[in-house]
Amino acid sequence: MKKYEVTIIEATGSCDTELFKKMAKKGDISASKIEAFVDKVIKITGSAKAHIVTENKEFDLTYYATDNGYFSTGSKYFEESLSDYIKDTDTFKILKVKTSKGYTYKVSPIVDGE
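None of the values given here were measured: they were computed from a predicted structure.

How each quantity is defined
Residues numbered from 1 in each chain as written. Predicted model: local features only at pLDDT ≥ 70, side-chain atom pairs only at ≥ 80, totals over all residues. Heavy atoms only, no water. Helix = DSSP H or I, 4+ residues; strand = E, 2+ residues; numbered from the N terminus. Rg over C-alpha atoms; globule rule 2.2 N^0.38 Å. Buried < 20%, exposed > 50% of the residue type's maximum accessible area, 1.4 Å probe, protein only. Contact = heavy atoms within 4.5 Å. Polar contact = N/O pair within 3.5 Å; in protein donor to acceptor, adjacent residues only side chain to side chain. Arc of directions from axis to C-beta. Pairing = 2+ DSSP bridges. Salt bridge = Lys/Arg side-chain N within 4 Å of Asp/Glu carboxyl O.

K.L.:
Whenever I open this one, the overall build of the chain confuses me. Can you help?
P.N.:
Helix and strand counts for the chain stand at two helices and seven strands. The linear arrangement of helices and strands in the chain, starting from the amino end, is β-α-β-β-β-β-α-β-β. For the chain, the C-alpha radius of gyration of 14 Å lies close to 13 Å, the compact-globule estimate for 114 residues. Dimensions along the principal axes, computed over C-alpha positions, put the chain at roughly 50 × 35 × 20 Å. Taking all 114 residues of the chain together, the buried fraction comes to 33%.

Shown next, in the form of structure tokens:
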């Protein structure tokens, strides 16, 4: 059996449940890459910061629960843009942004009526 260990560091909203944590630990979260959500309007219902260790690598990422399933990203820029607005709204458009190192992702809050 291949090595796959997940440690949930911090969870909020719909990700802050024993079921979600159990699923994450077993590798049963079917999360899309953030790319699948670009240009879509989504409602974020929870998040979970995770530390993952496999046979070949060790990394951190965040799972996000939405009204359309889960996605994950390790983008610090995404996390920063979300933290700027998450207390004001839960509905966002996911944007892909060109940087000097390639592409990254951020959120654009949706104001009621848009």
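K.L.:
Any chance you could explain the environment of Thr73 here in plain terms?
P.N.:
On the secondary structure map, Thr73 appears in strand E5 (residues 69-73). In sequence terms Thr73 and Thr104 are 31 residues apart; their C-alpha atoms lie 9.7 Å from each other. Excluding its chain neighbours within four sequence positions, the residues that come into contact with Thr73 are Ile34, Leu61, Thr62, Tyr64 and Phe78. At 3.0 Å, the side chain of Thr73 and the backbone nitrogen of Ser75 are in polar contact.

K.L.:
What am I meant to see in helix H2 (residues 76-85) here?
P.N.:
One turn of the α-helix equals 3.6 residues, which is why residues spaced by three or four share an orientation. Taken together, the buried positions of H2 are occupied by Phe78, Ser81 and Leu82. One side of H2 holds all its buried residues, which, seen down the axis, span an arc of 100 degrees. For H2, exposure combined with an orientation more than 90 degrees from the buried face picks out Lys76 and Asp84. If you follow the buried residues of H2, they end up packed against strand E3 (41-54), strand E4 (58-66), E5, strand E6 (91-99) and strand E7 (102-109). Sitting at the amino-terminal end of H2 is Ser75, which places a side-chain oxygen 3.4 Å from the backbone nitrogen of Tyr77.

K.L.:
Would you mind going over the pairing of E7 with me for this structure?
P.N.:
Residues in a regular strand project their side chains so that they alternate between the two faces of the sheet. Relative to E7, E6 runs antiparallel, the two being bridged by eight bridges. Note on E7: the bridge partner recorded for Leu95 is Lys106. Between the end of E6 and the start of E7, which pair antiparallel, lie two residues.

K.L.:
Hey, could you run me through the pattern of salt bridges in this one?
P.N.:
Between side chains of opposite charge, pairing is possible as soon as their charged atoms come close. In total, this model carries four salt bridges according to the counting rule given. Lys21 serves as the salt-bridge partner of Asp16, at 3.1 Å between the closest nitrogen and oxygen. The partner of Glu79 in a salt bridge is Lys49, and the shortest N-O contact between them spans 2.9 Å. Placement of Glu79 in helix H2 and of Lys49 in strand E3 is noted, with a sequence separation of 30 residues between them.

K.L.:
Mind showing me how you'd approach the environment of Ala65 here?
P.N.:
Tracing the backbone through its elements, the reader meets Ala65 in strand E4. A relative accessible area of 4% places Ala65 in the buried class. In the structure, Ala65 is positioned ten residues away from Ser75 in sequence and 16 Å away in space, judged by C-alpha atoms. Among all residues touching Ala65, those that are not within four sequence positions of it are Ser14, Cys15, Lys43, Ile44, Thr45, Gly46 and Tyr70.

K.L.:
How should unusual backbone geometry be read in this particular structure?
P.N.:
Negative phi characterises most residues that are not glycine, and trans characterises most peptide bonds. Even without being glycine, Asp39 reaches a positive phi, approximately 70 degrees. With respect to the helices and strands, the residue Asp39 is situated in the loop between strand E2 (31-33) and E3.

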